[in-house]
Amino acid sequence: MTPLEPKGTGPVPAEGPDLADPSLYRDGAPEALWARLRARTPVYRNERTDKESFWAVLGHREALEVLRRPEVFVSGRGMRLDDSPGATEAASQRMLIVTDPPRHTRLRHVMNAAFTPRMVARLHRTMRATATEVIDEALERGACDFVDVAARLPVTVICDLLGVPPADRSFMLDRTMTAFGHAGPGSADRAAAARAHTDILLYYAELVERRRREPSDDVVTALVQGTVDGRPLTDEEIYLNCDGLVSGGNETTRHATAGGLLALMRHPEEWEVARGADHPMEATAQEILRFTSPAMHVLRTAARDTALAGHPVRAGDRVAVWLPAANRDPAVFADPDRFDALRASNRHVALAPGEHYCLGSALALAELTIFFEELASRAELPEPAGEPIRAASSLIWGFESLPVRLRPRTR
């Protein structure tokens, strides 16, 4: 059996589609493509002529196998395809998401220490207040781009988590949207993103010094005061982990919120279910995470020779878990392409379970739950005001624009 030959299904051609091609996600229908490839093999050999080839994991069981075996599939050699080798090397074993056990466990413990009951309660208050504010502002305007509306809540929560004072949060919203908004191929967009990212890094430096003088109940204070392997974290390590929280926390929730609304607009019967008096909105939030799966892939590297779904994987091979494809595996999810606001036993992998399970997973779920609770209580189901525009990205399955019209709830 060759590496491209799944059990009993015939070979997958080496000249097959490149799942890392960003145009597939702006212009194509990736759900159908994932389904066709998965039906042949849950682990697809993605050959590339000009870049490094990789294994794409499309099945749910195989995704969990990779994510839950950090000793075999390591993170320290990069967490996403086509990243800069220099940037990966600079962050490896310093930033949480590109750090392997046992150091990963120790660094995660430092960051988890910030999640005290008092801080979590404060963050929930921030979520509720921000959600009501941004929804009421959108209702006053009537028509808006919902991607902009969805951006406000996660940035505000991440700022609160890091300890960014309220007076600086508009600055962080602007800089974050520019830095992590998936600048297109135009050099002006990329240059603006780079400048915004520099502004954010300079802000971290100021915030770190402030928290050394004035400790508070936040992640930056935990990083400043924490030790790993018997020594304090360097400023660079602190900045890198702040950056990881800002980019990850902002993008996942923003695009899940926008994608969740689009799903509800296309399935209005599920909106009626979701806003029912006896319905747990958290169940709908879990389905939004499964259905939208905004983090497109997470990358691992095989530390030794192994096998996946009968395919030989060699030490050094790149293995990319395609999270939205795993979340539509019919072996696990009944009618997986249907949005089901009351889906039970929702074992999705949108937040990458395992050693690197999203640090802010509980916050992401709470943000979605609270946002849609407030939207359901304040507004009728929004209506499309134009065609949604998907982002050209193989890293984030998200949106550049989602024009909608909103009106207050009347019943």
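Notes on the structure in this doc start here.

## Regarding the packing of aromatic side chains
Logical step 1: Applying the stated rule across the entire model yields 7 aromatic pairs.
Logical step 2: Seen in terms of ring centroids, Phe-54 and Trp-322 are 6.0 Å apart; in terms of plane orientation they differ by 10°. Their pairing is stacked. Highlighted residues: Phe-54 in strand S2 (residues 54–57) and Trp-322 in strand S10 (residues 318–322), separated in sequence by 268 residues.
Logical step 3: Among the residues examined, Phe-54 registers a relative accessible area of 0% and is labelled buried.
Logical step 4: Between Phe-146 and Phe-371 the ring centres are 5.9 Å apart and the planes differ by 75°, which places this aromatic pair in the edge-to-face class. Remark: Phe-371 occurs in helix H15 (residues 361–378) and Phe-146 occurs in helix H7 (residues 146–162); sequence separation between them is 225 residues.
Logical step 5: Overall, Phe-146 belongs to the buried group, its relative accessible area being 1%.
Logical step 6: In this structure Phe-371 comes out as buried when scored by relative accessible area, which is 1%.
Logical step 7: A network of ring pairs unites the aromatic residues Tyr-25, Trp-34 and Trp-397 as a single cluster.

## With respect to helix H6 (residues 117–141)
Three or four residues apart is the spacing at which side chains of an α-helix point the same way, because the helix has 3.6 residues per turn.
Logical step 1: In a regular helix each residue adds 1.5 Å, so 25 residues correspond to 36 Å; H6 covers 36 Å between its end C-alpha atoms and thus fits that length.
Logical step 2: The complete set of buried residues in H6 reads Met-119, Leu-123, Thr-126, Met-127, Thr-130, Ala-131, Thr-132, Val-134, Ile-135, Ala-138 and Leu-139.
Logical step 3: Looking at the buried residues of H6, the elements they touch are strand S4 (143–145), H7 and H15.
Logical step 4: Gly-142 sits one or two positions beyond H6 and adopts a positive phi of about 85°.

## Digging into the environment of Trp-55
Logical step 1: Relative to the elements of secondary structure, Trp-55 occurs in strand S2.
Logical step 2: According to the relative accessible area criterion, Trp-55 is buried, its value standing at 1%.
Logical step 3: Engagement of the side chain of Trp-55 in a polar contact is seen with the side chain of Asp-317, the distance being 3.0 Å.

## As for the sheet that holds S2
Logical step 1: One open sheet accounts for 5 strands, arranged S1-S2-S10-S7-S3; its pairing is mixed. The outermost strands of the open sheet, each flanked by one partner alone, are strand S1 (43–46) and strand S3 (73–74).
Logical step 2: Judged from the 2 bridges that link them, S3 and strand S7 (residues 297–302) form a sheet pairing that is antiparallel. Looking across to S7, one finds that Val-74 is bridged to Thr-301.
Logical step 3: Taken strand by strand, helix H3 (residues 60–67) contacts S1, S2, S3, S7 and S10, and its axis lies near 130° from that of S10.

## Notes on helix H13 (residues 281–292)
Logical step 1: In this model H13 runs 16 Å from its N-terminal to its C-terminal C-alpha over 12 residues, within 8% of the 16 Å that 1.5 Å per residue would give.
Logical step 2: The buried fraction of H13 is high, at 9 of 12 residues.
Logical step 3: Within the sequence span of H13, burial applies to Met-281, Thr-284, Ala-285, Glu-287, Ile-288, Leu-289, Arg-290, Phe-291 and Thr-292.
Logical step 4: Contacts made by the buried residues of H13 are with helix H11 (235–266), helix H12 (268–274) and H15.
Logical step 5: Downstream of H13 by a residue or two, Ser-293 has a phi angle that is positive, lying close to 35°.

Parameters at a glance
- Residues numbered from 1 in each chain as written.
- Predicted model: local features only at pLDDT ≥ 70, side-chain atom pairs only at ≥ 80, totals over all residues.
- Heavy atoms only, no water.
- Phe/Tyr/Trp six-rings, centres within 6.5 Å; stacked < 30°, edge-to-face > 60°.
- Helix = DSSP H or I, 4+ residues; strand = E, 2+ residues; numbered from the N terminus.
- Buried < 20%, exposed > 50% of the residue type's maximum accessible area, 1.4 Å probe, protein only.
- Expected span 1.5 Å × (residues − 1).
- Contact = heavy atoms within 4.5 Å.
- Polar contact = N/O pair within 3.5 Å; in protein donor to acceptor, adjacent residues only side chain to side chain.
- Pairing = 2+ DSSP bridges.
- Axes fitted to C-alpha atoms, helices over the stretch in contact; angles between N-to-C directions.

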